[in-house]
Each structure stands twice: as structure tokens, then as C-alpha cells.
Amino acid sequence: MFRDGENGPLKERSVCLIASRCYLEEAMTVTLHVCITCRAGETPGEGEATPGKRLHGAILDAGVPEGVNVVPVECLSACNQGCSVALSAPGRWSYVYGRLSHANAQDVVAGAAAYAAAPDGLVPWRSRPEIFRKQSLARIPPIAVVPEAAE
């Protein structure tokens, strides 16, 4: 999906990565999943945003890097690790980071930008924000695309 102009409608565009395999252009971007149900040990009052929703809002306010799509999700199953986010893209390593708060939004955005710039998802250690060096919960190998069986 892409926008026709800054505020135009979303449209689909196919991108062929290998012969006989086409994906939506959206698949070419990095996805930053933000758990909006994370409570980080808090019990929000009636009408109060969860810490995860506050983190999501702070990331949007910090400015999302080009090529990064921020997606709020219901749960990343890292509930004992405070607020969590996950970075992924087709053909790249994926990461889950935890123990975050809205105060970490700028570092999350910087880490997402570095990840987007790394063609395989492997950002050199010293190029990662400190929270991405110390608060990584999981590193997941790229999912292999199995060619369709010949007919």
C-alpha cells in the first residue's frame, strides 16, 4: 500500500522480487510493532492510556523514519518485560525489545532508522541505541521463502 501524495488514499502496488513472486510494496518496508496493551506493571485508571499506548503515541510524535511503518498490536507476549516493540522486514532478522517506556521513544525511532538502513536487519553493535543493545528480548532469523512446487 502507498499513499498517492501526502494525504491521498491508500493504493496497492505489486513489486516482483523474484520470478513469479510478487508482493505488495508495503512488504518492502520495515514494520515497527508496538504493543499497546502493555501495562508495565501499572493498573491504568478508567479512561487512562496504558503505558504501551503512551509509548506508541510518543513514537509517532517523535517522527517515524522513512521506510518504517508503525503498527499498534494487541500483545507481543512479553508481558513481564514492560512495554515492548518488535522490528521486522521480509528477508531480515527480526528483533523484540522490552523494558521500554514513552521516555524511550527517540531511541526506538533511532533504532528503527538504523534497522531500516541495514539490508539484512543486522545493525552493527555500536550503531544501535543503548536500549537496543541492553534490552533485546529476542532475535529471530529471517523466514525462508519456500518456492512454490512446480506444477
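Further up the page is the structure itself.
Everything numeric in this text was worked out from a predicted model, so none of it was measured.

A. Region of interest: the overall build of the protein. The secondary structure content of the protein amounts to three helices and nine strands. Listing each helix as α and each strand as β along the protein from the N terminus yields β-β-β-β-β-α-β-β-β-α-α-β. When burial is assessed residue by residue, the protein has 34% of its 151 residues classed as buried. Surface summary for the protein: the accessible area is close to 9,200 Å², and the carbon and sulfur share equals 52%.

B. Structural context of the pattern of salt bridges. With the rule as written, the count across this model stands at one salt bridge. Here Glu130 ties to Lys134 by a salt bridge, and the two come within 3.1 Å at their closest N and O atoms. Of this pair, Glu130 and Lys134 both sit in helix α3 (residues 130–134), four residues apart, roughly one helical turn. Judged by relative accessible area, Lys134 falls into the exposed class, the value being 57%.

C. Spatial organisation of the sheet that holds strand β7 (residues 83–88). If you walk across this open sheet you meet the five strands as β6-β5-β7-β8-β9, and the pairing is mixed. Of all strands in the sheet, those bounded by a partner on one side alone are β6 (68–73) and β9 (136–140). Between one strand and the next, the sheet's axes are offset by a mean angle of 15°, whatever the strand orientation. Two elements, β7 and strand β8 (residues 94–100), share four bridges in a ladder whose sense is antiparallel. Bridging across to β8, Leu87 finds its partner in Tyr95. Running over the sheet, helix α1 (residues 51–62) touches β5 (30–35), β6, β7 and β8 and is turned about 145° from β5.

D. Seen up close, unusual backbone geometry. Located in the positive-phi region is Ser77, a residue other than glycine, with phi close to 55°. Its location among the elements puts Ser77 in the loop between β6 and β7. Ser77 sits in the exposed class, given a relative accessible area of 68%. A positive phi angle, close to 60°, is found at Arg99, a residue other than glycine. Residue placement: Arg99 occurs in strand β8.

E. Layout of α1. For α1, with twelve residues, the first-to-last C-alpha span of 16 Å sits near the 16 Å given by 1.5 Å per residue. Looking only at α1, the buried set comprises Pro51, Gly52, Leu55, His56, Ala58 and Ile59. All buried residues of α1 project into a common sector of 165° when viewed along the axis, lining one side. Looking at the residues trailing α1, positive phi occurs at Gly63, about 100°.

F. Representation of the nonpolar core. Counting 26 residues, the largest nonpolar core has Leu32, Ile59, Val85, Leu87 and Leu100 as its most contacted members. Within the residue set of this core, elements represented by two or more residues are β5, α1, β6, β7, β8, α2 (105–117) and α3. Examining the composition of this core, we find that five residues originate from one element, α2, more than from any other. Those residues in contact with Leu87 that sit more than four places away from it in its chain are Val30, Thr31, Leu32, Trp93, Ser94, Tyr95, Tyr97, Gly111, Ala112, Tyr115 and Phe132.

Definitions and limits used
- Residues numbered from 1 in each chain as written.
- Predicted model: local features only at pLDDT ≥ 70, side-chain atom pairs only at ≥ 80, totals over all residues.
- Heavy atoms only, no water.
- Helix = DSSP H or I, 4+ residues; strand = E, 2+ residues; numbered from the N terminus.
- Buried < 20%, exposed > 50% of the residue type's maximum accessible area, 1.4 Å probe, protein only.
- Areas by Shrake-Rupley, 256 points an atom, 1.4 Å probe, with all protein chains shown as cover.
- Salt bridge = Lys/Arg side-chain N within 4 Å of Asp/Glu carboxyl O.
- Pairing = 2+ DSSP bridges.
- Axes fitted to C-alpha atoms, helices over the stretch in contact; angles between N-to-C directions.
- Contact = heavy atoms within 4.5 Å.
- Expected span 1.5 Å × (residues − 1).
- Arc of directions from axis to C-beta.
- Core = buried A, V, L, I, M, F, W, Y, C linked by side-chain atoms within 4.5 Å.

Scope: geometric values only; no functional claims are made or implied.
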